[in-house]
Amino acid sequence: MSQMPQQAAPATCPSCAEPVEPDDLFCGACGHDLSVLPAPPQDHATLAMTGPRDSGVPAPRAGVEWPAPEPPGSDSTSPKTHLPTDLPGTDSGGHPLHPGTPGAPAGAPASGVRLDRPAEPEEYPLQAPDPRAAGETPDPEQRPEEHAQPATTCVACRAGRVDSDGYCENCGHAQPRERDHMERESGPVAAVSDRGLRHHRNEDSFALGHTALPDGGPATLAVVCDGVSSATRPDEASAAAARAAGDVLLAALPRGTHPQAAMHEAIVAAAQAVNALAGEPDAAREHDPHQNAPACTLVSAVVAAGLLVVGWVGDSRAYWVPDDRDAPPARLTEDDSWAAQMVAAGLMSEAEAYADERAHAITGWLGADAYELDPHTASFKPDRPGVVVVCTDGLWNYAESAREMAETIPADAAARPLHSARVLVGHALDGGGHDNVTVAVLPFPAPPQGAGSA
C-alpha cells in the first residue's frame, strides 16, 4: 500500500474539539498530543474510480448509456473505467509491503473511532448450524424462514420441550434462532450468513436481488451489513440497513439510474434507516441507557451492463476474483478502520497494523452517533469473467489478502455461487469462527435472468 507522510495538526483538537493552531503540538485546552494520530487521510478507493465518489456521480438516465470498454490502443481522452485486473489491491496478497514507521503511536484512538470488540465468553453452549454438515438443501425459491420448522425438542439436552419463547423447559437452554444461519439465492447471486462459534447471536444481515435494466439487460446486487457489537441492537441495525439499501437499488436500476448514483442513494437510505432506530423504542433505551445508538457497517456490489460498482462504509469488504486464476485478484474496498488509517499515514506496515489489538476499531459506520456520513463508491470494468465476493470481517479475518480469497473460493464459483458461499463460511468456521460471518457471491458478468427469488 502507498504511504503518506504524517500530516500537520488539525484545525480542531480531535479530543475536545477546541481550536488549535497548525504548529501546535499539544491542545491548550485538554493537553491532547496532536502529533499522535494525524487527521484521517482523504479516503480513496482501492482501485481508481471513474468519477467522484460522493458528488458528481453520473446523473440518472432515461436509458442505459453507461460507458463501454475502451478498445485496445484507443487514444480517447474521455474518462476510462479502470480494470481491476490492471491494478493491485491494497492488501498484501502477492505484493511486498512497504515498510512503515516502527512502533505504534501512544494513547487511545482519537475521536471518531469506534471499538467493535466487546468482551465475549470463550464458548457459548450452543452454536449455529454448521454449513459444512451434510443436509437437505433448501428450496432456493423460498426464504430461509419459509422452510424452517419450529423446534419441539431441545437441541442441548435432547429431552426437554421447547416453549413458545424459544427456551427448553427442562434445561433452560435457548434454542438456535432462524437468523443464526441463513442461506438465500436470487437468480445468479447467493449469500450465506452464520452466527459463528463464539457469538451468542448473529448480528450480520444481507439483501440480494436481480432485476432488468430499461434495455432488458440483467442486473444483480448484494448488500452485506455487519452490526457493531458495542452498540445497542446491532442486529436490528444491520437488518434495517440491508433492507433499505436493497430496496433502493432494486427500485433505481430498472429506471435507468447509473449504478454508481444508485449505490450512493442506497447507502444514504441505509444510514437513514439505522438513524431512525435511535429514537425507538423508548423501552429499549431504558434497559441500556448508556449504550451507543444502533450502528452497523455496509458493503454492497452491483453487476450491470458490463460494470462492477461497489459501495461501502466501515470495514466490510468486496473482492474481485477472476475465473482465470492465473490473472491477479484484487480488493475493491478500503477499510474505514484504525489499521487502515495507520497504514495510509505511513505510521505502520499493513502486517503490523492488523496485528495490533486496535486494528478493528472502525472510523466510519452507519448510525445516529456517526460523526459524518461518507459513502464511498467505485466503478470498475473487468475485462474477463469472474466473481465478486462481498463479505464481513468474519470471513476476511481468515482470508485477508486478495490472493488468499482467490485460493479459498472454489474454481467454479461463477456457476455455483451458493455452494461457494457455503465453502467460504466453512473456511471461517474452520479457522475458529470468532465472529459472525456473512458472504455473498456475484458472478460477473451478470448472466441472463433465471430461476430465483428477487
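Parameters and conventions
Residues numbered from 1 in each chain as written. Predicted model: local features only at pLDDT ≥ 70, side-chain atom pairs only at ≥ 80, totals over all residues. Heavy atoms only, no water. Core = buried A, V, L, I, M, F, W, Y, C linked by side-chain atoms within 4.5 Å. Buried < 20%, exposed > 50% of the residue type's maximum accessible area, 1.4 Å probe, protein only. Helix = DSSP H or I, 4+ residues; strand = E, 2+ residues; numbered from the N terminus. Contact = heavy atoms within 4.5 Å. Polar contact = N/O pair within 3.5 Å; in protein donor to acceptor, adjacent residues only side chain to side chain. Pairing = 2+ DSSP bridges. Salt bridge = Lys/Arg side-chain N within 4 Å of Asp/Glu carboxyl O.

1. Quick word on the nonpolar core
Inference 1: Of all hydrophobic cores here, the largest spans 37 residues; its most connected members are Val389, Leu395, Met405, Ile409, Leu424 and Val439.
Inference 2: Tallying contributions element by element places helix H9 (residues 417–430) first for this core, with 6 residues.
Inference 3: With residues up to four places along the chain from it excluded, the contact list for Leu424 reads Val389, Leu395, Met405, Thr408, Ile409, Val439 and Val441.
Inference 4: In terms of nonpolar packing, the next biggest core, distinct from the first, is built from 29 residues, Leu221, Leu249, Ala304 and Val313 among them.

2. A word on the side chain of Asp335
Inference 1: If you trace the backbone, Asp335 turns up in the loop between strand E8 (330–331) and helix H5 (338–344).
Inference 2: Residue class for Asp335 comes out buried when judged on its relative accessible area of 4%.
Inference 3: Here Tyr354 takes part through its side chain, which lies 2.7 Å from a polar atom of the side chain of Asp335.
Inference 4: When sequence neighbours within four positions are dropped, the list of residues in contact with Asp335 reads Gly314, Asp315, Arg317, Ala340, Tyr354 and Trp396.

3. Comments concerning the pairing of strand E6 (residues 307–313)
Inference 1: Counting buried residues along E6, 7 of its 7 residues qualify, which places the element largely inside the surrounding structure.
Inference 2: Side chains Leu307, Val309, Gly311 and Val313 project from E6 onto one buried face, and the interleaved Leu308, Val310 and Trp312 project onto a second face that is buried too.
Inference 3: Taken together, the 7 bridges between strand E5 (residues 295–304) and E6 define a ladder with antiparallel strand orientation. When the bridges of E6 are listed, Ala301 appears paired with Val310.
Inference 4: In textbook terms, the turn of a hairpin is the stretch between consecutive antiparallel strands, and for E5 and E6 this stretch comprises 2 residues, one of which, Ala305, has a positive phi near 50 degrees.
Inference 5: Sheet topology note: the E6/strand E10 (residues 376–380) ladder contains 5 bridges and is antiparallel. Pairing of Val309 across the sheet is with Ser379, part of E10.

4. A short note on the pattern of salt bridges
Inference 1: Enumeration over the complete set of coordinates arrives at 11 salt bridges.
Inference 2: A salt bridge links Arg161 to Glu169; its shortest N-O distance comes to 2.7 Å.
Inference 3: Of the residues examined, Glu169 reaches a relative accessible area of 48% and is grouped as partly exposed.
Inference 4: Here Arg201 makes a salt bridge to Asp235, at a shortest N to O gap of 3.7 Å.

5. Topic: the environment of Cys27
Inference 1: Summarising the element assignment, Cys27 is placed in the segment before helix H1 (144–147).
Inference 2: For Cys27, a relative accessible area of 4% translates into the label buried.

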